[in-house]
Structure formats: structure tokens, C-alpha cells
Amino acid sequence: MNIVEEIRRLCTEKNAIIMAHYYQRPEVQDVADFIGDSLALAQVAAKTDADIIVMCGVHFMAETAKILCPSKKVLIPAPQAGCSLADSCKAEDLAAWKAVHPEHVVVSYVNTSAAVKALTDVVVTSSNALKIVNQLPEDKPVLFGPDQNLGSYINKMTGRQMDLWNGGCHVHARFSEEALLALKAQYPDAKVLAHPECKASILQHADVIGSTQALLNYAIANSPSPISNSEASHIRYIIATESGILHEMQKACPEVEFIAVPAEGGGCNECEYMRMCTLQNLHDCLLNESNEIIVDEAVAKDAIRPIQRMLEMS
Ligand code: 13P
Ligand code: SF4
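Computed from a predicted model, the values in this text were never measured in an experiment.

Here is what the cut-offs are and how they apply
Residues numbered from 1 in each chain as written. Chains lettered and ligands numbered in written order. Predicted model: local features only at pLDDT ≥ 70, side-chain atom pairs only at ≥ 80, totals over all residues. Heavy atoms only, no water. Helix = DSSP H or I, 4+ residues; strand = E, 2+ residues; numbered from the N terminus. Buried < 20%, exposed > 50% of the residue type's maximum accessible area, 1.4 Å probe, protein only. Contact = heavy atoms within 4.5 Å. Areas by Shrake-Rupley, 256 points an atom, 1.4 Å probe, with all protein chains shown as cover. Lys, Arg positive; Asp, Glu negative; His and termini not counted. Charge placed at Lys NZ, Arg CZ, Asp CG, Glu CD. Pairing = 2+ DSSP bridges. Core = buried A, V, L, I, M, F, W, Y, C linked by side-chain atoms within 4.5 Å. Near = heavy atom within 4 Å. Polar contact = N/O pair within 3.5 Å; in protein donor to acceptor, adjacent residues only side chain to side chain. Nonpolar A, V, L, I, M, F, W, Y, C, P; charged D, E, K, R; others polar. Axes fitted to C-alpha atoms, helices over the stretch in contact; angles between N-to-C directions. Parallel < 35°, antiparallel > 145°, perpendicular 65-115°, else oblique. Phe/Tyr/Trp six-rings, centres within 6.5 Å; stacked < 30°, edge-to-face > 60°.

1. Thoughts on the overall build of the protein chain
Here's step 1: A count of helical and extended segments in the protein chain gives 16 helices and 12 strands.
Here's step 2: The dimensions of the protein chain, computed from C-alpha atoms along their principal axes, are 60 × 55 × 35 Å.
Here's step 3: When each of the 314 residues of the protein chain is scored for burial, the buried share is 55%.
Here's step 4: Within the protein chain, contacts between residues at least 6 apart in sequence are counted, and of these 65% link residues at least 24 apart.
Here's step 5: With an accessible surface of roughly 13200 Å², the protein chain has 50% of that area assigned to carbon and sulfur atoms.
Here's step 6: Positive and negative charge centroids in the protein chain, built from 25 and 39 side chains respectively, lie 3 Å apart.

2. A short note on the sheet that holds strand 5 (residues 105-109)
Here's step 1: Spatially, 6-5-7-8 is the arrangement adopted by the four strands of the open sheet, whose pairing is parallel. Strand pairing shows two members of the sheet lacking a second neighbour, strand 6 (122-124) and strand 8 (163-164), which therefore form its edges.
Here's step 2: In this sheet, strand 7 (residues 142-145) lies alongside strand 5 in parallel orientation, the contact comprising four bridges. Along strand 7, the bridge assignment pairs valine 105 with valine 142.

3. Here's the deal with the nonpolar core
Here's step 1: Judged by nonpolar contacts, the single largest core of 70 residues is most densely connected at Ile67, Val107 and Met310.
Here's step 2: Non-local contacts of isoleucine 67, meaning those with residues more than four positions away in its chain, are made with Ala114, Val295, Ala300, Ala303, Ile304 and Ile307.
Here's step 3: Residues Tyr22, Leu75, Leu215 and Leu286 belong to the second largest nonpolar core, which totals 33 residues.

4. Remarks on the site of ligand 1
Here's step 1: Neighbouring ligand 1 are 13 residues, the closest being His21, Ser38, Ser126, Glu197 and Thr212.
Here's step 2: With respect to ligand 1, the side chain of threonine 212 contributes an N or O atom lying 2.8 Å from an oxygen atom.
Here's step 3: Here ligand 1 has 300 Å² of accessible area as a free molecule, and 96% of this is covered by the chains.
Here's step 4: Here the residues of the shell around ligand 1 are counted per class, giving four nonpolar, seven polar and two charged.

5. A look at helix 9 (residues 148-158)
Here's step 1: For helix 9, the full list of buried residues reads Asn149, Leu150, Gly151, Tyr153, Ile154 and Asn155.
Here's step 2: Along its buried surface, helix 9 packs onto strand 5, helix 8 (129-135), strand 7, strand 8, helix 12 (200-203) and strand 10 (208-209).
Here's step 3: Of the residues flanking the end of helix 9, it is glycine 159, one or two places downstream, whose phi is positive at about 75°.

6. Looking at the site of ligand 2
Here's step 1: In the vicinity of ligand 2, the contacting residues are Tyr23, Val58, Cys83, Ser84, Leu85, Asn111, Cys169, His170, Glu197, Cys271 and Met274.
Here's step 2: Its residues placed into classes, the shell around ligand 2 shows seven nonpolar, three polar and one charged.

7. Digging into the packing of helix 4 (residues 59-68) against helix 16 (residues 297-313)
Here's step 1: The geometry of helix 4 relative to helix 16 is characterised by a closest axis approach of 9 Å and an angle of 95° between their N-to-C directions. By the angle between their axes, helix 4 is roughly perpendicular relative to helix 16. Of the residues in helix 16, those in contact with Thr64, Ile67 and Leu68 of helix 4 are Ala300, Ala303, Ile304, Ile307 and Leu311.
Here's step 2: Residue composition of the contact of helix 4 with helix 16, by class: seven nonpolar, one polar and no charged.

8. Some thoughts on helix 15 (residues 279-288)
Here's step 1: The complete set of buried residues in helix 15 reads Leu279, Asn281, Leu282, His283, Cys285 and Leu286.
Here's step 2: Each element contacted by the buried residues of helix 15 is listed here: helix 1 (3-14), strand 1 (16-21), helix 2 (26-31), strand 3 (52-56) and strand 4 (73-75).
Here's step 3: Immediately beyond the C-terminal end of helix 15, within one or two residues, lies glutamate 289, with a positive phi of roughly 50°.

9. Things to note about the packing of aromatic side chains
Here's step 1: If you walk through the whole model with that rule in mind, you get three aromatic pairs.
Here's step 2: For the pair tyrosine 218 and tyrosine 237, a centre-to-centre distance of 6.2 Å together with 80° between the ring planes defines the contact as edge-to-face. With tyrosine 218 in helix 13 (residues 212-221) and tyrosine 237 in strand 11 (residues 236-240), the pair connects residues that are 19 residues apart, well separated along the chain.
Here's step 3: For the ring pair tyrosine 237 and phenylalanine 258, a centre distance of 5.8 Å and an interplane angle of 25° mean the geometry is stacked. Here tyrosine 237 is found in strand 11, whereas its partner phenylalanine 258 is found in strand 12 (residues 257-260), with 21 residues between them in sequence. Each member of the pair, tyrosine 237 as well as phenylalanine 258, carries the same accessibility label: buried.
Here's step 4: One aromatic cluster is present, built from ring pairs that chain together Tyr218, Tyr237 and Phe258.

This is the structure we're talking about:
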């Protein structure tokens, strides 16, 4: 049996579900039961009847699944897979910020630790942040963190003046505007699809701004079907987010060309944390039921409320 077949056999034997984010390695996405963005991963975790959830993603994603499913075993193949954005906001620093703004509602991006979520009024993802902020009373001041780029984008779209935490994702921070402009000049008909974690200098050139799921949905809805492939070869999208999403885009729209915006200096646009999960550590983690996620009970009790509020408001 090859490793993929063995992983699938273990899933059946143990009633386990493999969930993967769109930024995972292509071969990990291909073996998963479910692939999604941060919101969809939380929604599926909340509803699954599997006994074991294997989260192929980064630590906060597995933690969110554990908080939503305390009685299930949640495993992470690469326990060292953190997130620079989540790390940019420590719980004690958020507590201090809250203390000087006691009248504010605290809105936290899902890319945060359980301890930060426990201090939060409502969690958001890039899929639902706009919708949720629009539901908050207009006269209520808001603290938004930790992603400053997403917060600025929401402020621009809603006209709100949320106070923003100065955090960010190192992958989305390094896309090159110069390279994007060169791609646009080379392919003037190509639409630019960008994730709101990108800097304003990138977002200003985007035709579509949204979560990984929203960008994928847009590409699917606006690409010709494979059968009518006469003009299809002329369709191109320029993608400004972690390049793992190109795998699912290419599978869903095989006739279309997807071009990833490079990082500054021609550097890499992959998230090294997301790439830590491999078929081998996924297999070993499932076989040994190792790398179980444990969340402190008191923290989980406070963290579940803003996550559930998010699921209700999405
Ligand atoms: P979404 O999954 O909400 O698109 O966010 C991307 C991300 O940065 C995950 O780390
Ligand atoms: Fe975190 Fe950025 Fe990696 Fe997403 S891409 S997991 S925000 S470091």
C-alpha cells in the first residue's frame, strides 16, 4: 500500500476526518476529506461526527477545532506550525489594550491564540469580517486585531474608524507591487485576485478582494467550462495570496492560467508554517494518534463564545 492509501485506510479504521487549508502542499490537499478556508474549516469542525479531526493547517486552526469539539481528539501533523500573524498579538498585550479602551468591542481575526480569543467579543475570518463588522452597532467603538491590513480594508469598506492592532502576516506583507504591475502590463486583460491580508499598495490594484474561498469561487464562477475551451486559453488570473491556493484553482479551472505574484526581490510566496505538514507526518500522526491539541479548560470556556458568535453572525 502506498502512503496515500495507508492514510485513507487509517481514516476509515479510526473514523477520522482530514481537514486541510488551501495553503497546504498539493499532495496534502489531495488526500484530505475536506479543503477549505479558515471559516469553512471551523464550520466543518463544529459539525463533524468523526471521532478524530486531523488538522492540516497551522496551530490556531487546530486549536479552534478543539475549542469547538472538546470531546473529540484533534491532531496536528506539524505541531510546530505557528503563524506570524497570530504571534503578533500576545494575550497580555491585548488585555492591556482593552484596559485602556474599556468601552470598545473587541473583534479578533481567527489567526489568534485561544488565549487571545478568550479576551475577544467576536472572532472573524477574512470570509466574514466585513459582514460581521457591519452588524455591530454603529455607535460602538471597535478594537480590531491583529491584522492591520485586513482592518484597514474593513475600515475603508465600512467607513468605520476601528482602532487597529499593528500586526500582520509576513507572507502577505512581502508581495511585490513592482512585480504585480509588471504582470498587469504583460497581461492587461488578467484580473487581479487578492487576499485582504495584503498591503494597501497591492490591494489598490485588485479587481477582487476576498478570502481564499472567495477568490476560488470567483475564479470558478468567471471561467469558461472546460468544454467551451476556445477562448479559455486566453483567460488568466493574477493571484496575490499564498500560492498553495493555485492548486485547487488549477484543478477547478484546468483551462485557465493562474499566475502567482512573487514576493519582493523575487522571493518565495509560500508560508513555511503551512508547508510543514507533509504526507509522512500526516501519516505518522494519524497512525500514532500523536500531537494531540489540548486547550486549557478555562481558556476554552471563554474562547468558545466569540467563535460561536462568529458562526451565528456569518
Ligand atoms: P482564509 O483562510 O480566511 O482565506 O485566510 C488565510 C490565512 O491567512 C490563513 O492563514
Ligand atoms: Fe499565518 Fe500568514 Fe501563514 Fe496564514 S499565510 S498561516 S496568516 S503566517
